[in-house]
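So the chains spell out like this:
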Amino acid sequence: MRTDTSGATALMLDEVRRQFDLAWALTELHLDALTEADFLWEPADLCWTVHRGEDGTWVADFAEVEPDPVPVPTIAWLTWHIDFWWSAAIATLAGDELPEPTSIRWAGTGEQATARVRDLAAQWRNTMSALTSDDLAAPTGFPWPESSGRTVADTVLWVTVELTKNAAEIGQLRLLRAACR
């Protein structure tokens, strides 16, 4: 990490925010193109998706240890996954308790899931706007173990990478579904 002696850390924060904006633009590109039917489309027999529970809420398939082979996710599952990890990242940086994956419910419709992801993006922008160079250097335990030696800067950068990966997965599933019609 850069030092703050010449304002370089402030510049780094600006660069990190610009990289997030780039990842978010890719995400929006795919979110804007989705139809309601895209969310629950199952691209393979072995699939992770979301299911309506007896209480009416939507529960995501989840395993503490990924199975081998890893199931292909649906877009609904990917939006749930974004909701989980982003909620956890925001909670971590706020000093709040981490949510359990099973405590996060899918929004229920594609429109609601998209709105939730957009809300998380706004929350993340607010979180990043409040960060200082001292904050970036602070240790953090998400998404790594506490003993990893990782910092808030690592988490902030990881969010952009994870969002880019998930946006690409959503885009690929959207394109695959369109090609199969």
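Residues numbered from 1 in each chain as written. Predicted model: local features only at pLDDT ≥ 70, side-chain atom pairs only at ≥ 80, totals over all residues. Heavy atoms only, no water.

Draft legend 1. Structural context of the overall build of the chain. For the chain, the count of helices and strands is 6 helices and 4 strands. The helix and strand sequence of the chain, counted from the amino end, reads α-α-β-β-β-β-α-α-α-α. Against the 2.2 N^0.38 benchmark of 16 Å for 181 residues, the chain shows a C-alpha radius of gyration of 17 Å, consistent with a compact globule. Counting only C-alpha atoms and orienting by the principal axes, one finds that the chain spans roughly 55 × 30 × 30 Å. Relative to its 181 residues, the chain shows a buried fraction of 45%. (Helix = DSSP H or I, 4+ residues; strand = E, 2+ residues; numbered from the N terminus. Rg over C-alpha atoms; globule rule 2.2 N^0.38 Å. Buried < 20%, exposed > 50% of the residue type's maximum accessible area, 1.4 Å probe, protein only.)

Draft legend 2. Structural view of the nonpolar core. Counting 45 residues, the largest nonpolar core has Trp-85, Trp-86 and Trp-124 as the members making the most contacts within it. For this core, the secondary structure elements donating two or more residues are α1 (8–33), β3 (58–60), α3 (75–94), α4 (110–130) and α6 (152–180). It is α3 that provides the largest number of residues to this core, a total of 12 residues. In this structure Trp-86 touches Phe-20, Trp-24, Val-117, Leu-120, Ala-121, Trp-124, Val-159 and Leu-163, once residues within four positions along its chain are discounted. (Core = buried A, V, L, I, M, F, W, Y, C linked by side-chain atoms within 4.5 Å. Contact = heavy atoms within 4.5 Å.)

Draft legend 3. View of the packing of aromatic side chains. Enumeration over the complete set of coordinates arrives at 11 aromatic pairs. An aromatic cluster is defined as three or more aromatic residues linked by ring pairs; in this entry it consists of Phe-20, Trp-24, Trp-85, Trp-86, Phe-142 and Trp-158. (Phe/Tyr/Trp six-rings, centres within 6.5 Å; stacked < 30°, edge-to-face > 60°.)

Draft legend 4. Molecular detail of the layout of surface pockets. By volume, the largest pocket amounts to about 400 Å³. Along the walls of the largest pocket sit 22 residues, with Phe-62, Ala-63, Glu-66, His-81 and Phe-84 positioned nearest its centre. For the lining of the largest pocket, the leading source of residues is α3, giving 6 residues. Residue composition of the lining of the largest pocket, grouped by class: 15 nonpolar, 2 polar and 5 charged. (1 Å grid on protein atoms, 1.4 Å probe; cavity = no way out; pocket = protein on both sides within 12 Å on 5 of 7 lines; lining within 4 Å. Points joined across faces, edges and corners; volume = space filled by probe spheres on them. Nonpolar A, V, L, I, M, F, W, Y, C, P; charged D, E, K, R; others polar.)

Draft legend 5. Representation of the environment of Leu-120 within the structure. The topology assignment puts Leu-120 in helix α4. Counting along the chain gives 61 residues from Leu-120 to Arg-181, while the straight-line C-alpha distance between them is 32 Å. Once you skip the residues sitting within four places of it in the chain, Leu-120 turns out to touch Ile-82, Asp-83, Trp-86, Ser-87 and Ile-90.

Draft legend 6. Representation of empty space enclosed by the protein in the model. According to the stated counting rule, one finds 1 cavity of 30 Å³ or more in the structure shown. In this structure, the largest cavity encloses a volume near 40 Å³. Residue lining of the largest cavity: Thr-79, Trp-80, Asp-83, Arg-105, Trp-106, Ala-107, Ala-113 and Arg-116, and that is the complete set. For the lining of the largest cavity, the secondary-structure elements that each account for two or more residues are α3 and α4.

Draft legend 7. Examining unusual backbone geometry more closely. With an omega of 5°, the peptide bond running from Asp-68 to Pro-69 counts as cis. When you line up the elements, Pro-69 lands in the loop between β3 and β4 (72–73).

Draft legend 8. The pattern of salt bridges, seen in detail. Counted by the stated rule, this structure contains 10 salt bridges. Salt-bridge contacts for Asp-83 lead to Arg-116; the nearest nitrogen and oxygen are separated by 3.1 Å. Taken together, the residues Asp-83 in helix α3 and Arg-116 in helix α4 connect sequence positions 33 residues apart. Given a relative accessible area of 7%, Asp-83 falls into the buried group. By relative accessible area, which is 28% here, Arg-116 ends up partly exposed. If you follow the salt bridges from partner to partner, you end up with Glu-28, Asp-32 and Arg-118 in one network. (Salt bridge = Lys/Arg side-chain N within 4 Å of Asp/Glu carboxyl O.)

Draft legend 9. Region of interest: the state of the cysteines. By the definition in use, this model includes 0 disulfides. A disulfide-free cysteine, Cys-47 has its sulfur positioned 13 Å from the sulfur of Cys-180, the nearest such atom. Using a relative accessible area of 56% as the deciding quantity, one classes Cys-180 as exposed. (Disulfide = S-S within 2.5 Å.)

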